Amino acid sequence: MKTVGVIGGSGLYELKGLRDVRSVKVETPWGDPSDNFVVGVLGDAKMVFLPRHGRGHRIMPSEINFRANIYGMKKLGVEWIISVSAVGSMKEEIAPGHVVIPSQFFDHTKRRISTFFGDGIVAHVSMADPVCPVLSQALYKASKKSGAVAHDGGVYICIEGPQFSSRGESNIYRQWGVDIIGMTNMPEAKLAREGEICYATLALSTDYDCWHEVHDDVNVDDVIMTLTKNVELAKRIIKEVITTISDKRSCICSNALENAFITSKDAISDEAKRRLNILIERYIR
Ligand SMILES: [Zn+2]
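Residues numbered from 1 in each chain as written. Predicted model: local features only at pLDDT ≥ 70, side-chain atom pairs only at ≥ 80, totals over all residues. Heavy atoms only, no water.

Caption draft 1: Region of interest: the overall build of the protein chain. If you tally the helices and strands in the protein chain, you get seven helices and 11 strands. Over its C-alpha atoms the protein chain spans a radius of gyration of 18 Å, differing by no more than 12% from the 19 Å that the globule rule assigns to 285 residues. Over its C-alpha atoms, taken along the principal directions, the protein chain stretches across nearly 60 × 45 × 35 Å. Split into buried and exposed, the 285 residues of the protein chain put 56% on the buried side. Partitioning the contacts of the protein chain with sequence separation of at least 6, the portion at a separation of at least 24 is 81%. If the 35 positive side-chain charges of the protein chain are averaged to one point and the 35 negative ones to another, these points end up 6 Å apart. (Helix = DSSP H or I, 4+ residues; strand = E, 2+ residues; numbered from the N terminus. Rg over C-alpha atoms; globule rule 2.2 N^0.38 Å. Buried < 20%, exposed > 50% of the residue type's maximum accessible area, 1.4 Å probe, protein only. Contact = heavy atoms within 4.5 Å. Lys, Arg positive; Asp, Glu negative; His and termini not counted. Charge placed at Lys NZ, Arg CZ, Asp CG, Glu CD.)

As structure tokens, then:
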């Protein structure tokens, strides 16, 4: 049975309709994940759900323990992660209520730990194509089928937050050519790649940040209002997409670490091997 993880962002704190539901607390070498994982069955998939900001939305983007969240998913056997994320639109044609499946990220965060490696073991994975091409296409098709206005591809710029951008920043980001703006997909996608988990984002556009001359500047009330309208759509898309996800993977994500290690095998400390065991065991035997 395939195992699909869903990381719920702002507005998506639970996934209803699962069978055989249980709440699982996972211990990791990096401390506690955002909350307990909810494990259950949906259709023919084992589902693992985690609310990124914790239940009740207690954790701000800079405080998220991204390593613990992704490691927890890995430990629970997750091979595919659907990242549900509220974003601002940086393009006229991406209206509030639309869905975007980004193909690229620009990491503009400033104070986050973005790797499982270090402390005696070095690896450089490719982020040239930072999302899973298979899962992204499946999400795009499922979005269309579920009745969403969906945009295929685009650049997601990840800012540190928690403040929204200044108008000066927003205008500069637009000149850089980005399509959407958010606060959480980096380093989440980097860690998923290091964990050899397929990762793709279902981005829900909620506002026009603060660059638009006609629309109001982004604020939390409007974001939540647009999200509330779209959360059911996101759930329909998830239900639809899992029917098309395969049991076997053949994409770049599934062996991302194969040519990534630069530390010689005999130089990796036993402590590093223990800490990273579930990520690297098949390469250090
Ligand atoms: Zn993949």
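Caption draft 2: Examining the coordination of the zinc ion more closely. At 2.2 to 2.3 Å from the zinc ion lie its protein donor atoms, namely Cys 132 (SG), Cys 198 (SG), Cys 251 (SG) and Cys 253 (SG). For the zinc ion, the four donor atoms in the first shell make angles of 93 to 118° at the metal, so the coordination geometry reads as tetrahedral. Donor residues for the zinc ion, ordered by position in the chain, follow C-x65-C-x52-C-x1-C. Of this pair, Cys 132 sits in the loop between strand 7 (104-108) and helix 2 (133-145) while Cys 253 sits in the loop between helix 5 (220-242) and helix 6 (270-275), placing them 121 residues apart in sequence. Cys 132 sits in the buried class, given a relative accessible area of 0%. The exposure class of Cys 253 is buried, given its relative accessible area of 0%. (Donors = N, O, S within 2.8 Å, 3.2 Å for Na, K, Ca; no water. Tetrahedral: all angles 85-135°; square planar, octahedral: opposite > 155°, others 65-115°.)

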